[in-house]
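Chain and residue survey
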There are 2 protein chains.
Amino acid sequence: MTSSKTGNINTWLSHLQEETKFSISVDCVIFGYDSSKLKVLLIDCNMPPYEGRKSLIGELLEAKETTTQAARRILKNCTSLKDLYLEEVSVYSNPDRHPLGRVVTLAYYSLISIADYEKHIVDAANKRLEWIDLEDINKLAFDHQEILTDAYNRLQRTVREKPIGFSMLPKKFTLIQLQNFYETVLNIEVDRRNFRRKLMALGLLIDLQEVQDNVSHRPAKLYSFDFEKYKQKQNIGTLNFEI
Amino acid sequence: MTSSKTGNINTWLSHLQEETKFSISVDCVIFGYDSSKLKVLLIDCNMPPYEGRKSLIGELLEAKETTTQAARRILKNCTSLKDLYLEEVSVYSNPDRHPLGRVVTLAYYSLISIADYEKHIVDAANKRLEWIDLEDINKLAFDHQEILTDAYNRLQRTVREKPIGFSMLPKKFTLIQLQNFYETVLNIEVDRRNFRRKLMALGLLIDLQEVQDNVSHRPAKLYSFDFEKYKQKQNIGTLNFEI
DNA sequence: CATTCTTTGTGTTATTTTGACACAAAGCTT
DNA sequence: AAGCTTTGTGTCAAAATAACACAAAGAATG
């Protein structure tokens with residue numbers, strides 16, 4: 001019945017054979033946002049046949065960790081930041097996708113506010129890490145272009161449904177900055193007044209009673225996102241964050 | 001800088017070591033719909049310590065296939081059906097999740113119209129496959145309860161955004177059947193008239209000019225879903241399938 | 001110091017979408 | 001023929017969305 005030599009892994013005992021074991025890597029798409037640009041943290045690839053191209057940041061899964069833990073390890077290695085937003089994208093398992101041999105990859109994406117955190121990017125020169133504008137990326141190593149596309153689609157979807165965008169903005173932001181962020185990430189244009197009305201109606205922005213500094217025009221009011229209130233609303237089911 | 005012994009898998013050459021290779025399995029959550037019930041195709045598990053419980057259907061990934069191909073192989077093995085809807089759920093990689101040793105699992109879910117296809121379920125007795133009402137499932141083997149929950153959440157989300165529900169219904173269906181389906185899967189109640197208005201407004205249902213047979217009341221009109229028109233609308237961007 | 005420039009902040013109206021609700025029609029049963 | 005069950009349909013109120021213009025704040029300029 002079952003054509004597999006190994007049988008149903010979930011019902012009867014069989015031993016795990018070496019020839020059906022695989023290297024697993026975890027690749028991270030690290031999105032950053034800065035001055036109205038969505039960027040991705042990339043690294044130079046010098047592995048044939050992809051020399052000269054850039055690639056996502058990835059490492060092999062280790063013996064005693066989950067893929068999520070591996071993703072956090074990678075993030076900490078290149079940003080020295082913990083607690084970043086992290087979301088699984090997909091699995092990439094084409095047998096020929098990696099020149100070193102068969103590597104099955106789990107992709108995750110993560111979000112960073114470049115303005116707030118650039119100072120933490122460790123040793124960027126040594127690691128040849130670089131923020132590249134998303135719109136300028138078109139030919140990554142391996143199947144990373146596909147991974148990036150998938151990750152971006154996931155980001156676009158999730159950013160509409162959950163307040164993950166705020167982790168890409170400074171802690172204090174203006175409504176215009178927030179609007180620009182959504183317009184950039186979602187590649188849309190929205191009416192300023194309608195956007196403000198909608199956001200204020202959520203009741204999740206804290207008016208900091210401060211205004212911008214050092215701008216050569218009327219300074220905008222500063223807000224922060226009320227994560228506490230969001231959690232409460234989430235718990236009591238009152239929530240509909242929808243951009 | 002990088003603490004990993006293996007270094008960045010995507011930049012420089014390192015060999016793939018045996019101690020960091022893993023067994024990978026693919027598990028399928030096969031949803032079926034029949035007489036207003038959402039069901040899942042499960043198999044008896046007789047592996048300690050989970051004897052007596054039921055589990056999802058899964059097999060080990062083979063050397064030359066993608067995880068998607070493995071999922072299709074599994075589906076064909078237990079339903080002899082090809083071209084079923086298939087969607088990735090998530091990866092499960094806790095080191096202790098499987099008693100045989102470390103197994104990293106990719107979960108997929110798939111959809112079947114039980115009414116149309118039950119005849120194709122091969123050798124259900126031999127394989128100890130059984131359709132179990134979703135609401136009666138509460139203690140599966142391994143971490144399969146978690147996988148099922150994740151898969152169901154994905155199904156609920158996708159069924160609202162894409163016309164995947166029609167692959168769980170007979171090819172000819174009544175509007176009431178369609179409504180019952182959405183009410184069951186989404187665990188909501190909707191107004192009959194408003195539901196009909198919304199669905200007809202999509203312009204994607206074909207009025208078959210037929211009515212039900214063998215019912216002891218006024219027979220309902222039969223419809224089918226216009227997959228062709230849906231594809232066209234999708235291509236020209238006119239689409240907003242949203243239940 | 002008055003004028004200009006840029007950007008912020010705000011309210012109303014028309015349109016569309018959603019939600020609530022009741023009764024007649026079809027076909028089978030008795 | 002009367003009764004039963006389920007299907008099929010329209011209107012109106014409420015809510016959400018989309019479109020739109022002008023005054024106010026502060027810096028820069030002459």
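Since the model is a prediction, treat every value here as computed from it, not as a measurement.

Next up on the list: the overall build of chain A. Counting its secondary structure elements, chain A contains 7 helices and 9 strands. Seen along its three principal axes, the alpha-carbon backbone of chain A occupies a region of about 70 × 45 × 30 Å. Burial statistics for chain A: of 243 residues in total, 52% are counted as buried. Taking contacts inside chain A between residues at least 6 apart in sequence as the whole, the part at least 24 apart equals 65%. Put simply, chain A shows about 11,800 Å² of open surface, and 47% of that area lies on carbon and sulfur atoms.

Taken together, 18 residues are adjacent to DNA strand D, and A:Arg218, B:Arg192, B:Arg196, B:Arg218 and B:Lys221 come closest. Sugar and phosphate atoms form 39% of the subset of DNA strand D atoms that lie within 4 Å of the protein. A:Arg193 places a polar side-chain atom, nitrogen or oxygen, 3.1 Å from a base nitrogen of DNA strand D. One of the side-chain nitrogen or oxygen atoms of B:Arg196 is found 2.3 Å away from a phosphate oxygen of DNA strand D. Breaking the surface near DNA strand D down by element, the ones donating at least two residues are helix 6 (192-202) of chain A together with helix 6 (192-202) of chain B. Looking at the surface near DNA strand D element by element, the count peaks at 4 residues for helix 6 of chain A. Residues that form the surface near DNA strand D fall into these classes: 4 nonpolar, 4 polar and 10 charged.

Before going further, it helps to spend a moment on the interface of chain B and chain A. Opposite the 68 residues of chain B that make contact, chain A presents 68 residues. In total, about 5,500 Å² of surface goes out of reach between chain B and chain A, with carbon and sulfur atoms giving 55% of it. Our count for the contact surface shared by chain B and chain A stands at 2 salt bridges. Here B:Glu161 and A:Arg157 are joined by a salt bridge, their closest N and O atoms 2.6 Å apart. Remark: the boundary between chain B and chain A carries 25 residue pairs in polar contact (both at pLDDT 80 or more). Only strand 1 (21-34), strand 2 (37-44), strand 4 (57-60), helix 1 (67-79), strand 5 (86-92), strand 6 (103-113) and helix 4 (144-161) of chain B provide two or more residues apiece to the side of chain B that touches chain A. Among the elements that line the side of chain B that touches chain A, the one with the most residues is strand 1 of chain B, at 6 residues. Broken down by class, the residue content of the side of chain B that touches chain A amounts to 25 nonpolar, 24 polar and 19 charged. Bridge analysis of strand 1 (residues 21-34) of chain A against strand 1 of chain B gives 3 bridges, and the strand direction is antiparallel. The residue of strand 1 of chain B that forms the bridge with A:Lys21 is B:Ser23.

Let us look at the nonpolar core. Of all hydrophobic cores here, the largest spans 50 residues; its most connected members are A:Ile30, A:Ile57, B:Ile30 and B:Ile57. If sequence neighbours within four positions are ignored, B:Ile30 has contacts with B:Lys39, B:Val40, B:Leu41, B:Ile57, B:Leu75, B:Cys78, B:Ser110, B:Ile112 and B:Trp131.

What follows deals with the domain arrangement of chain A. Residues and elements named next belong to chain A. Structurally, chain A comprises domain 1 (18-161) and domain 2 (169-235). For domain 1 and domain 2, the distance between their C-alpha centres works out to 28 Å. Each side of the interface is counted separately: domain 1 has 12 residues, and domain 2 has 11 residues. Of the roughly 1,000 Å² buried between domain 1 and domain 2 on both sides combined, carbon and sulfur atoms contribute 59%. Joining domain 1 to domain 2, the criterion identifies 3 residue pairs in polar contact (both at pLDDT 80 or more). Elements with a minimum of two residues in the side of domain 1 that touches domain 2: strand 2 (37-44), helix 2 (114-117) and helix 4 (144-161).

Bringing the relation of the copies chain B and chain A into the picture now. Mapping chain B onto chain A leaves a residual RMSD of 0.1 Å; the transformation is a rotation of 180 degrees accompanied by 0.0 Å of translation along its axis. Expressed as a symmetry operation, the mapping of one chain copy onto the other fits a two-fold axis. In this assembly the copies share their binding face: 100% of the residues contributing to the interface of chain B also contribute to that of chain A.

Parameters and conventions
- Residues numbered from 1 in each chain as written.
- Chains lettered and ligands numbered in written order.
- Predicted model: local features only at pLDDT ≥ 70, side-chain atom pairs only at ≥ 80, totals over all residues.
- Heavy atoms only, no water.
- Helix = DSSP H or I, 4+ residues; strand = E, 2+ residues; numbered from the N terminus.
- Buried < 20%, exposed > 50% of the residue type's maximum accessible area, 1.4 Å probe, protein only.
- Contact = heavy atoms within 4.5 Å.
- Areas by Shrake-Rupley, 256 points an atom, 1.4 Å probe, with all protein chains shown as cover.
- Near = heavy atom within 4 Å.
- Polar contact = N/O pair within 3.5 Å; in protein donor to acceptor, adjacent residues only side chain to side chain.
- Nonpolar A, V, L, I, M, F, W, Y, C, P; charged D, E, K, R; others polar.
- Buried area = accessible area lost by both parts, 1.4 Å probe.
- Salt bridge = Lys/Arg side-chain N within 4 Å of Asp/Glu carboxyl O.
- Pairing = 2+ DSSP bridges.
- Core = buried A, V, L, I, M, F, W, Y, C linked by side-chain atoms within 4.5 Å.
- Domains from an automatic or database assignment.
- Least-squares fit on C-alpha atoms with pLDDT ≥ 70 in both.

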